[in-house]
Amino acid sequence: MRRYLAAGAAGAAVEATRFPCPSRISGGGIPIINGVAYGGPPFHQPTDVSIAEDNGDIYVSDGYRNSRAHKFTADGTLVKSVGEPRNAQDLKGTKDKPGFFHTPHGIWTHKDRVYVSDRENYRIQVYDRDLNFIDLWPGFQRPTKIYIDRDEVMYVSELDDSTAPGQDKDKI
């Protein structure tokens, strides 16, 4: 059973008037086009890191200007990178195109899973520890950080305090 506790950050969004084309704004004023043409090698403004407790493998979300997640051995050797950039206008709140990201902002390892917060696509992507895709969970509000406690409760911080696509605000 998955349980969630999400905390929104009211007022954390950038004003849409800062961008030249308001029709290209996602969520609370974030561009839906991230300007990344293709995924590249590590690192280009990484956003988070998680270390596997059992063997020290290192997982990095490389969210700004790269749209990838990387796995390294405990000694820092790159094992695998996954992810390609995709625009939020296409994927926001959907289960479409697993492995495509728009600002993977947080990463967390727990047991045999790696959870990546796909912030501007309003979803969490789930991988095994070898970074093979398993599942995609839509319905979050710009998830930024993931944490799972010893009781296996997942906590997800979110930036947007509005209703995510497909979500009934009266049932939040």
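Here the structure is a predicted model, which is why all the values come from computation and not from measurement.

Considering the overall build of the chain
Part 1 of the argument: The secondary structure content of the chain amounts to one helix and 15 strands.
Part 2 of the argument: Among the 172 residues that make up the chain, the fraction classed as buried is 45%.
Part 3 of the argument: For the chain, the exposed surface amounts to about 8,900 Å²; the carbon and sulfur share of it is 51%.

A look at the side chain of K71
Part 1 of the argument: Summarising the element assignment, K71 is placed in strand β6 (residues 68–72).
Part 2 of the argument: A distance of 3.0 Å separates a polar side-chain atom of K71 from the backbone oxygen of R129.
Part 3 of the argument: Ignoring sequence-local partners within four residues, the contact set of K71 consists of D57, I58, Y59, T77, L78, V79, K80, R129, D130 and L131.

Remarks on the sheet that holds strand β10 (residues 104–110)
Part 1 of the argument: Overall, antiparallel pairing links the four strands, which are arranged β10-β11-β12-β13 in an open sheet. Each having just a single partner strand, β10 and β13 (133–138) make up the two edges of the open sheet. Put simply, the sheet's adjacent strands are angled 20° from each other on average, direction ignored.
Part 2 of the argument: Note: β10 against strand β11 (residues 113–118), six bridges, orientation antiparallel. Note that in β11 the partner of T109 across the bridge is V114.

Reading the values: the criteria
- The numbers attached to residues start from 1 for each chain and follow its sequence in the written order.
- Residues qualify for local features only when their pLDDT is at least 70, as the model is predicted, and side-chain atom pairs are given and counted only at 80 or more; totals for whole chains, interfaces and linings, by contrast, use all residues.
- Side-chain numbers come from the whole structure's heavy atoms, not from hydrogens or water.
- Working definition: helices are DSSP H or I runs of at least four residues, strands are E runs of at least two. Numbering for both runs from the N terminus.
- A simple rule labels every residue: compare its accessible area, found with a 1.4 Å probe on the protein chains alone, to the largest value its type can have, and call it buried under 20%, exposed over 50%, or partly exposed in between.
- Only the protein chains shown count as cover for residues, with accessible areas throughout obtained via the Shrake-Rupley method and a probe of 1.4 Å.
- In the analysis that follows, any N or O atom pair within 3.5 Å is treated as a polar contact, provided that within protein one partner can donate a hydrogen and the other can accept it, and provided that, for residues neighboring in sequence, both atoms belong to side chains.
- Pairs of residues are marked as contacts when any of their non-hydrogen atoms sit within 4.5 Å.
- When DSSP locates at least two bridges between a pair of strands, those strands are taken to pair.
- Each axis is a line fitted through C-alpha atoms, and for a helix only the stretch in contact is used; angles between axes span 0 to 180 degrees, taken between their N-to-C directions.

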